[in-house]
Amino acid sequence: MRTPMKRKAIVVSSIAILIFSVIIGGIIYYFASNAIISNISESLTQIAVLGAKAVESNLKGSLEVIETIAAEESIKNPNISIEEKIQILKNQVDRKGFARMSIADLSGNSLTTEGVSLYVGDRDYFKLAKQGITNISDPLVSRVDNTLVITFAVPIIYDGDIIGVLYSTQDVEILSAITDGIRLGEYGRSYIIDSMGVTIAHEIREQVRNRVNILLDWNKLGYDKSMYDFFINMQRSEKGAGQYIFDGTKRYAGYAKIPGTDWYFGISAPRSQVFRSINQVYSFVGILLLLIILIFSAAQFYIRILRKSLKIERNAATAAIDTANLVILYVDKHGVIYEYNKHAEIKLGYNKAEVIGIMKLSDIVASDSIDSYDKLMHHLNTGEQLSSLELSLKSSDGNVVYMVCNLNFLEDYDYEYIEIIGIDISERIKMEKELVESHEELTSLYEELYASEETLREQYEELSQKEKKIHNLAYYDPLTGLANRINLENHFNNNILQKQSKSAMLYMDIDNFKFVNDTFGHYMGDKLLAVAAQNIKKVVGENHVAGRLGGDEFMIITDAYEDISEVEMLADKILKTFETSFYIEDSPINVSTSIGIALYPDNGENFNDLLKCADIAMYAAKAAGKENYVFFNDRMNESIVKKMKIQNSMKNAIGNNEFLLYYQPQYHIVSGRIKGFEALLRWNSSEHGFVSPADFIEIAETSGLIIPLGEWVLKEACEFIKNLYDMGHRDISISVNVSVIQLKQENFVNMVDSILKEKGLEPSSLELEITESLLIEDIELNLKKLKGLRKLGVRISLDDFGTGYSSLTYLRELPIDILKIDKSFIDNIMHDSDKSCLTGTIISLAHDLGLEVVAEGVEEEQQLKYLKCYNCDMVQGYLFSKPLPRQDAIKLLSS
């Protein structure tokens with residue numbers, strides 16, 4: 001009767017302990033969880049604010065670069081042609097890391113550094129910049145290459161007036177590259193959302209490319225409504241924190257508005273990461289309590305077995321050594337194991353062959369049981385009996401087996417062999433401590449849960465490290481560790497300007513660095529930049545400040561100098577660091593550098609003025625042969641002024657009748673008769689002599705002179721064809737090239753109509769040649785204009801086909817009548833059989849689409865034979881006639 005009552009008492013006690021433990025653990029877990037959530041929310045908000053500042057710093061740096069370029073004389077001076085400005089900007093694009101840069105006039109017509117003409121008058125960034133507001137656009141689809149980009153736009157101001165807009169584009173990927181560097185822990189994530197809720201930066205790039213809008217599409221995307229609520233709250237406040245469920249996991253997040261934009265920076269971490277430490281402790285305690293209850297019930301059973309086993313006579317134990325449920329070892333006085341039973345093999349995992357006569361007891365004693373081992377060896381050496389010694393042994397798989405051992409000396413062997421008998425009490429060791437602990441000890445265990453504060457401290461230290469990392473991102477270049485532009489400008493303002501001490505700015509650019517990237521790859525290029533930066537830092541030392549502006553550009557600001565020779569000596573030292581090869585991953589790379597030097601206060605009174613002068617001097621160093629340094633002087637602007645003279649001469653050229661038209665005949669390939677002429681513009685300048693069209697056409701377009709010049713060409717060409725009609729040549733047409741600037745005139749169609757009526761010509765006698773790139777650039781606007789011209793009856797010719805997009809889709813959609821094959825395809829008839837086949841294919845395709853085909857640049861009989869074979873309609877080129885003056889063309893037609 002006693003035994004069942006004891007068992008019932010054990011069960012009741014176990015249940016009571018379990019219930020009490022669960023209640024206390026739940027209360028502690030609740031309060032600990034709330035404390036963590038509160039602290040984490042505050043910390044996430046602060047990290048989001050710092051992340052937003054880091055993004056702002058990066059964007060502001062790019063915007064300031066554009067402002068600096070826009071303030072340069074070579075960009076803002078209206079007397080400098082847009083071609084020269086574009087050439088200057090091309091160099092800036094390579095060095096600054098932009099996708100492209102462009103200049104737009106106040107009408108919204110712009111030209112990119114890739115030579116593409118665009119209309120951006122409908123873009124918001126253009127409208128803001130036109131009002132004098134520097135701005136960064138939301139991500140938008142580029143009209144150049146259909147990629148997703150952000151645009152930095154600033155006004156171009158000359159003599160206090162806004163005369164245009166300078167803007168640059170960068171792939172939206174730069175935003176995701178910034179957020180990738182800011183994350184909380186292994187599973188943390190950061191992102192950027194615009195004012196409409198569209199994802200513009202994310203670790204998962206598909207979110208950006210697909211323009212995921214969580215506010216509008218959360219339900220369609222299968223997101224939990226908590227995400228919608230979180231992002232709605234984000235749009236309503238400057239900063240904050242919250243939580244939402246994503247992919248079935250609760251995430252804690254903070255957000256902050258990025259200054260100067262309508263974007264929000266967000267950072268999140270999963271709940272498992274936040275609660276990892278407290279959950280581990282709580283799980284451990286739960287398992288421990290469960291084991292306590294189990295051991296409480298089973299302890300007596302194991303103890304009885306142990307006592308019963310220990311009472312077995314030594315002779316019987318020897319006979320049953322391989323079947324006993326005990327670990328039995330025989331060792332000598334040196335601890336060498338000489339016998340090892342079957343149960344020991346099972347528990348410890350070592351085979352007898354590995355142990356007997358080879359291993360010592362010390363080889364398998366666990367590190368936490370060294371004291372017990374020392375005690376056992378003391379008794380072994382003194383010959384004293386020892387019982388109930390707790391000893392931990394290492395198993396072959398690395399686990400620890402806890403044992404209680406007795407030490408017996410075998411008299412039969414004159415004490416040379418000692419018997420160690422042990423029973424596995426691993427589980428009892430884990431639970432027995434809890435059974436003998438007092439109520440105060442149990443309470444102490446629960447109080448240890450509050451020690452999760454240590455975990456919080458560790459998280460705070462992690463946050464602090466993140467803050468330092470964000471600070472470094474804001475003020476130091478991540479690739480080289482040198483100061484960035486913001487840091488350099490702060491140093492200049494706080495040290496040079498305030499002390500009014502003489503200083504020199506050395507502006508460096510690695511020569512032919514693009515070749516290194518193209519040849520060895522960007523990875524090797526980055527490695528080269530890092531090594532070059534360290535060399536520069538060694539030369540500069542502690543007396544000056546070195547930094548990286550971006551790309552392959554570096555800057556050094558000297559704190560002070562007494563004599564100009566000190567600056568020259570520093571520049572010479574830097575040049576010498578580039579004289580020897582750079583070994584990047586065992587590959588020798590040879591590069592040099594060009595240095596432009598501007599002096600404060602001689603060449604500028606502030607950072608930006610000094611930077612502009614140093615930049616100009618650096619270009620002068622490159623022009624002088626590279627691998628040297630040049631000090632800034634005022635003569636460096638003379639080349640820019642020289643290029644302006646051509647533009648100024650063009651202004652009077654029309655009034656002085658310096659322009660004239662030449663006419664190249666177009667022959668019907670079957671009959672050999674002249675069917676038309678192409679009007680070609682020439683300029684015989686009274687100041688510059690004969691000027692190639694390649695040199696003045698782009699100047700005319702960028703300066704706006706193409707408008708009156710293009711109208712003059714149309715009138716002159718129509719007058720020529722009218723004279724031919726009066727002479728009886730009624731089946732002759734005239735072809736005139738049209739510029740993109742002309743086509744974008746609102747009254748262009750009406751102007752063409754007026755000229756035709758003024759000359760009394762049928763519209764079908766006029767062909768307007770448009771290049772592929774012009775047509776594809778702004779397809780909607782161009783289609784509207786071309787349809788208007790065709791409605792008049794004017795014929796449209798697609799010029800230089802094969803050098804642009806060459807798209808079958810566009811050929812089907814465009815309202816054109818004639819296809820002109822570019823000279824490069826005609827030349828390949830003589831040299832490249834594959835290209836020859838392609839030329840024939842183009843002719844056949846054009847005929848299938850109902851188009852006439854004109855081959856340009858025919859110079860060889862073999863080319864003519866080939867074109868006849870493929871039934872080309874018309875040909876022109878030096879094989880028949882070069883472009884002729886007006887009277888010579890009339891004589892050729894009449895002959």
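Reading guide: rules and limits
- Each chain has its residues counted from 1, running along the sequence as written.
- Where local features are concerned, this predicted model is filtered to residues with pLDDT of at least 70; where side-chain atom pairs are given and counted, the filter is 80 or more; whole-chain, interface and lining totals use all residues.
- Excluding hydrogens and water, the side-chain values take into account all heavy atoms of the structure.
- Secondary structure elements are taken from DSSP: a helix is a run of H or I of four residues or more, a strand is a run of E of two residues or more, and numbering for both begins at the N terminus.
- In this scheme, a residue with accessible area under 20% of its type's maximum is buried, one over 50% is exposed, and one in between is partly exposed, where area comes from a 1.4 Å probe on protein chains only.
- Throughout, a residue-residue contact means that at least one pair of heavy atoms, one from each residue, lies within 4.5 Å.
- Strand pairing is assigned whenever DSSP detects at least two bridges linking the two strands.
- In this description, a line fitted to the C-alpha atoms serves as the axis of each element, helices being fitted only across the stretch in contact, and the angle between N-to-C directions of two axes falls anywhere from 0 to 180 degrees.
- Note that the term roughly parallel is reserved for angles under 35 degrees, roughly antiparallel for angles over 145, roughly perpendicular for angles of 65 to 115, and oblique for everything else.
- For a crossing to be left-handed, the near helix must be turned anticlockwise from the far one by less than a right angle; the clockwise case is right-handed.
- Lys, Arg, Asp and Glu make up the charged group, whereas Ala, Val, Leu, Ile, Met, Phe, Trp, Tyr, Cys and Pro make up the nonpolar group; the residues left over, Gly among them, are polar.
- Residue-level confidence of the predictor, termed pLDDT, takes values from 0 up to 100.
- Any Lys or Arg side-chain nitrogen found within 4 Å of a carboxyl oxygen on Asp or Glu counts as a salt bridge.
- Each Phe, Tyr or Trp ring (for Trp, its six-membered ring) is paired with any other whose centre lies within 6.5 Å, and the angle between the two planes then decides the class: stacked below 30 degrees, edge-to-face above 60, tilted in between.
- Cation placement over rings: the criterion is NZ of Lys or CZ of Arg within 6 Å of the ring centroid and within 35° of the ring normal.
- As used here, the term nonpolar core means buried Ala, Val, Leu, Ile, Met, Phe, Trp, Tyr and Cys residues forming a set that is joined through side-chain atoms within 4.5 Å.
- Here the expected span of a helix is defined as 1.5 Å times the quantity of residues minus one.

Observations concerning the overall build of the chain
The helix and strand inventory of the chain stands at 35 helices and 33 strands. Scored against the burial criterion, the 895 residues of the chain give a buried share of 48%. Look at the contacts in the chain between residues 6 or more apart in sequence, and 61% of them connect residues 24 or more apart.

Topic: the sheet that holds strand β24 (residues 629–631)
Strands belonging to one sheet form pairs held by backbone hydrogen bonds; the direction of such a pair is parallel or antiparallel. Overall, mixed pairing links the 5 strands, which are arranged β19-β20-β18-β23-β24 in an open sheet. Looking at which strands have only one partner, the edges of the open sheet turn out to be β19 (544–550) and β24. Within this sheet the neighbouring strands show an average axis-to-axis angle of 20°, counted without direction. Where strand β23 (residues 593–600) meets β24, 3 bridges bridge the pair, whose relative direction is parallel. Residue pairing for β24: I597 is matched across the bridge by F631. Those strands touched by helix α3 (residues 82–96) are β18 (503–510), β19 and β20 (553–558), and its axis lies near 85° from that of β18.

Structural notes on the pairing of strand β29 (residues 766–771)
In terms of residue burial, β29 counts as a mostly covered element, since 5 of its 6 residues are buried. Alignment of strand β28 (residues 733–737) against β29, held across 4 bridges, turns out to be parallel. Note on β29: the bridge partner recorded for S735 is E767. Taken together, the 5 bridges between β29 and strand β30 (residues 795–801) define a ladder with parallel strand orientation.

Re the sheet that holds strand β9 (residues 199–202)
Strand order across the open sheet formed by 5 strands is β9-β8-β12-β11-β10, with antiparallel pairing between neighbours. The open sheet has two free edges, formed respectively by β9 and β10 (239–246), since each of these has just one partner strand. Ignoring strand direction, the axes of neighbouring strands in this sheet form an average angle of 25°. Against the sheet, helix α8 (residues 225–236) makes contact with β8 (189–193), β10, β11 (249–257) and β12 (264–270), and its axis sits at roughly 165° relative to β10, the strand it touches most.

As for the packing of helix α26 (residues 706–726) against helix α28 (residues 748–759)
Relative orientation of the contacting elements α26 and α28 amounts to 30°, with a least axis distance of 10 Å. For the element pair α26 / α28, the angle class is roughly parallel. The handedness of the crossing between α26 and α28 is right-handed. Packed against α26, whose contacting residues are E711, L714, K715, C718, E719 and K722, the element α28 presents F748, M751, V752, I755, L756, E758 and K759 at the interface. Classifying every residue of the contact of α26 with α28 by side-chain character gives 7 nonpolar, no polar and 6 charged.

What about the confidence of the model for the chain?
Here the chain averages 83 in pLDDT, while 84% of its residues score no lower than 70. Here helix α11 (residues 314–319) is the element of the chain with the lowest mean pLDDT, 50, and strand β33 (residues 874–875) is the one with the highest, 97. Of the regions scoring below 50 in pLDDT, residues 1–6 engages in 0 contacts with residues more than four places distant in sequence or in other chains.

A closer look at the pattern of salt bridges
Tallied over the full model, the rule gives 32 salt bridges. Measuring nitrogen to oxygen at the nearest pair gives 2.5 Å for the salt bridge that ties R143 to D122. In this pair, R143 sits in the loop between β5 (140–141) and β6 (148–158) while D122 sits in the loop between β3 (117–119) and α4 (124–130), placing the two residues 21 residues apart along the sequence.

Observations regarding the packing of α26 against helix α35 (residues 886–894)
Where α26 meets α35, the closest approach of the two axes is 12 Å, and the angle between their N-to-C directions is 30°. In the packing of α26 onto α35, the handedness of the crossing is right-handed. Along its contact with α26, which presents E716, E719, F720, N723 and L724, the element α35 presents R886, A889, I890 and L893. Of the residues assigned to the contact of α26 with α35, the class counts are 5 nonpolar, 1 polar and 3 charged.

Description of the packing of aromatic side chains
Under the defined criterion, the tally for this structure stands at 20 aromatic pairs. Pairing W683 with F696 gives two aromatic rings, centres 5.6 Å apart and planes at 80°, and the pair type is edge-to-face. Taken together, the residues W683 in strand β26 (residues 674–685) and F696 in helix α25 (residues 693–703) connect sequence positions 13 residues apart. Assigned by exposure class, W683 and F696 land together as buried. Members of the aromatic cluster, each reached through a chain of ring pairs, are Y191, F230, F231, Y244 and Y255. The lysine or arginine in question, R682, covers the ring of Y662, its NZ or CZ lying 5.8 Å from the ring centre.

Observations regarding the pairing of strand β31 (residues 818–821)
The alternating pattern of β31 places I818 and K820 and L819 and I821 on opposite faces, both of which are buried. Sheet analysis places β31 next to strand β32 (residues 852–855), joined by 4 bridges and oriented parallel. For I821, the partnering residue across the bridge sits in β32 and is A855.

A look at the nonpolar core
Core analysis: the largest hydrophobic core is formed by 73 residues, its most contacted members being F677, I734, L768, L789 and L867. If one sorts the elements of this core by residue count, α26 sits on top with 10 residues. Residues contacting L789, with those up to four places away along its chain left out, are L743, F748, V749, V752, L768, V794 and I796. Among the nonpolar cores identified, the runner-up in size contains 49 residues, and I47, V49, A54 and M101 belong to it.

Description of α8
For α8, spanning 12 residues, the distance from its first C-alpha to its last is 17 Å, which sits close to the expected 16 Å at 1.5 Å a residue. Where α8 is concerned, the buried positions are S226, M227, F230, F231, I232 and M234. Of the surrounding elements, those touching the buried residues of α8 are β8, α7 (214–217), β10, β11 and β12.

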